[in-house]
Each structure stands twice: as structure tokens, then as C-alpha cells.
Amino acid sequence: MNNQAISIIRKKHKQILENWMKFQLSDEGLREDLMSNEDLRIQSEELLQTFGESLSDTSIEDPRSDVFTPVIDILNGISISRAKQGFSPRETGSFVLGLKDALVAILQQEIKDPQELFVQSNKISRIIDSFSISTFETFIKGREDVILRQTDEIAEISTPVIRVWDGILALPIIGTLDSARTQVVMENLLQEIVETGSSIAILDISGVPAVDSLVAQHLIKTVSATRLMGAECIISGIRPEIAQTVVHLGIDLSTVVTKASLASALRAAFALLELQVVKRNRFQGAKNIE
């Protein structure tokens with residue numbers, strides 16, 4: 001091993017780590033609420049140790065060398081972990097770029113020849129920059145996975161199928177209906193119809209901000225799918241502004257039972273099932289005491 005930079009990095013491991021930690025701890029964006037300083041030091045020391053072991057006369061010339069695979073693996077793990085913890089891309093990128101600052105600083109301190117310093121600093125910078133790109137790509141993928149998982153969870157929470165009476169299901173829809181969400185709504189509703197043997201399903205759209213032709217099509221598809229399962233579907237929550245929009249757009253909902261409120265829809269469902277709800281006097285049968 002003849003490369004001067006490699007010798008310096010391995011010899012000055014402890015000083016580089018301390019300088020790197022100093023850079024990180026002095027950052028105004030440091031998230032101590034997400035990671036303790038001790039955990040940050042452990043991550044930094046592991047990465048620096050593995051990086052130093054991966055350097056050779058060959059690998060220092062090639063930032064994409066397979067020798068750096070263990071370093072990339074550590075960075076990928078850190079990136080995904082930080083994406084799940086809630087770190088920003090800037091905070092994660094600063095972690096890697098801070099290492100470059102610490103490495104270049106020690107080279108400037110140890111290499112006196114300006115030409116040699118430029119050459120060696122440039123080699124190290126190219127390697128760390130390559131690490132930064134890989135780190136950023138992995139972080140974005142991790143963040144996308146988090147967002148997709150949260151989106152699925154929100155979709156499940158926002159489309160609950162409620163059994164309001166024996167044979168009657170209600171599905172309150174909150175927010176805008178799109179193709180993907182309509183699919184979730186239909187799947188949840190049809191599955192619940194099968195499991196409960198219900199014959200009536202109420203779709204309450206009082207929480208839908210607006211109804212356009214696309215939303216109306218999605219509703220009609222849901223009604224059609226429900227009928228194919230042998231159940232009748234009632235749409236409730238038709239506000240005056242929604243009714244005007246439906247008429248203005250020329251959307252035909254004449255084949256669908258619609259009601260202004262969930263209570264009205266429930267009364268209609270009782271009528272279809274030939275059920276009658278009778279209000280009893282709570283004091284009926286009580287004796288008057290003088």
C-alpha cells in the first residue's frame with residue numbers, strides 16, 4: 001500500500017471520527033429527538049471503520065468498486081432506518097457529507113505538497129460523493145415505502161364497513177373517491193356482505209367534498225357490484241349542492257336509491273326489510289305515587 005491518503009485515514013481514525021462528530025453535533029438541524037448522540041457515534045464509527053478497511057490502492061481510484069459494498073450496505077441500512085424514523089433528505093445527506101469534510105480536513109493537515117493534496121482530496125471526494133448518491137437513492141426508496149404503507153393504512157381506516165343492524169351495513173366515505181380507493185371500498189364492502197350475509201348496504205357520502213362525473217361513475221360501479229352480490233345499495237348524504245351538481249352534469253342516478261341523510265337511509269333500509277322501530281315511553285307502566 002503506497003497511497004498516502006489511505007495511510008493517513010487509517011492512522012488518524014480517532015481524530016477523523018472526533019472531527020466528524022463535531023461537525024454533526026454542531027449542525028443546527030441535529031435531531032436529538034430522533035437519535036441519541038451515542039447512537040450517532042456508534043453509526044459513525046462503524047461506517048468510518050468499514051470505509052478505512054475498504055480502501056486500497058485499487059479501490060481509491062474507483063468509487064464504484066465492489067470493495068465498497070460493505071460500506072454501501074451500512075449506508076443503505078442507515079438511510080432506510082432514518083427514512084422510517086422521520087429524518088429529512090438533507091439531514092441524511094449531511095451525515096455522509098460531514099464525513100467528507102472530516103476526511104479532507106485531516107488530509108489538509110497531514111499532506112504538505114499542494115499538488116498531492118489536491119489529487120488525494122479529489123479521490124476521496126469522488127468516493128464520498130458516490131456514497132452520497134447511493135444514500136440519497138436508498139433514502140427516497142425508503143421514504144416511498146413508508147408513504148405507500150401509510151397510504152394503505154389510511155385507506156383501510158377511512159373505509160370502515162359498519163354493521164348498523166342485522167342485515168344492514170353502512171360505509172361512510174370521507175374524502176375524494178378515485179379509482180384505487182373505489183377498488184378498496186368495493187373489496188371491503190363485498191367481503192363484509194359475504195361474511196355477514198347482509199342484504200342492504202348504505203354508502204354515506206356526506207364526507208365527500210364534491211361529486212363530479214368521475215366520482216359518480218365510481219359510485220355507480222360500487223352499487224352495481226353490490227347488487228351482483230344480491231344486496232340492495234342506498235346512497236345517503238346527498239347535500240343540496242351535490243344534488244345540483246349531479247343534475248347539472250346530467251348524471252343519471254335514477255336507478256339508485258338516494259337519501260339526504262344517513263338517518264333517512266336507515267329508515268328506508270328498515271322499510272325494505274319490513275322492520276318497524278317503535279318508540280317506547282320509558283315511564284310506560286309505572287304507577288303514579290301520590
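Residues numbered from 1 in each chain as written. Predicted model: local features only at pLDDT ≥ 70, side-chain atom pairs only at ≥ 80, totals over all residues. Heavy atoms only, no water.

Caption draft 1: Examining a nonpolar patch on the surface more closely. A cluster of nonpolar residues, Ile162, Val164, Trp165, Leu275 and Val277, forms a patch on the protein surface that exposes about 430 Å² of accessible area. Structurally, Val277 is set in the segment after α10 (262–272). (Patch = residues over 30% accessible without salt bridge, like charges linked within 9 Å, V, L, I, M, F, W, Y side chains within 5 Å. Areas by Shrake-Rupley, 256 points an atom, 1.4 Å probe, with all protein chains shown as cover. Salt bridge = Lys/Arg side-chain N within 4 Å of Asp/Glu carboxyl O. Helix = DSSP H or I, 4+ residues; strand = E, 2+ residues; numbered from the N terminus.)

Caption draft 2: Spatial organisation of the side chain of Gln120. Mapped onto the elements of the fold, Gln120 is located in helix α6 (residues 114–157). A polar atom in the side chain of Gln120 sits 2.8 Å from the side chain of Glu116. Each residue touching Gln120, except ones within four places of it in the same chain, is listed here: Asn3, Ala5, Ile60, Leu107 and Ile111. (Polar contact = N/O pair within 3.5 Å; in protein donor to acceptor, adjacent residues only side chain to side chain. Contact = heavy atoms within 4.5 Å.)

Caption draft 3: Quick look at the pattern of salt bridges. Evaluated as defined, the whole model comprises eight salt bridges. Here Lys123 and Glu61 are joined by a salt bridge, their closest N and O atoms 2.6 Å apart. Of this pair, Lys123 sits in helix α6 while Glu61 sits in the loop between α3 (37–54) and α4 (69–85); the two residues are 62 residues apart in sequence, bridging distant segments of the chain. Residue Lys123 is classed as buried on the basis of its relative accessible area of 14%. (Buried < 20%, exposed > 50% of the residue type's maximum accessible area, 1.4 Å probe, protein only.)

Caption draft 4: Spotlight on the packing of aromatic side chains. The full count for this structure, using the stated rule, is five aromatic pairs. With centroids separated by 5.1 Å and ring planes inclined at 40 degrees, the aromatic side chains of Trp20 and Phe95 adopt a geometry described as tilted. Of the two residues, Trp20 sits in helix α2 (residues 13–25) while Phe95 sits in helix α5 (residues 89–110), which places them 75 residues apart along the sequence. There is no split in this pair, since Trp20 and Phe95 are both buried. Aromatic pair Phe68 and Phe131: ring centres 5.5 Å apart, planes at 80 degrees, arrangement edge-to-face. Taken as a pair, Phe68 in the loop between α3 and α4 and Phe131 in helix α6 lie far apart in primary sequence, 63 residues in all. Across the pair, Phe131 and Phe68 agree in class, each one buried. Over the ring of Phe87 we find Arg82, and its NZ or CZ is 4.7 Å from the ring centre. Over the aromatic face of Phe95 sits the side chain of Arg82, whose NZ or CZ is 4.6 Å from the ring centroid. (Phe/Tyr/Trp six-rings, centres within 6.5 Å; stacked < 30°, edge-to-face > 60°. Lys NZ or Arg CZ within 6 Å of the ring centre and 35° of its normal.)

Caption draft 5: Seen up close, the environment of Ala225. Within the element layout of this structure, Ala225 appears in helix α8 (residues 213–228). Discounting chain neighbours no more than four positions away, the residues touching Ala225 are Met186 and Leu190.

These figures capture arrangement, not role.
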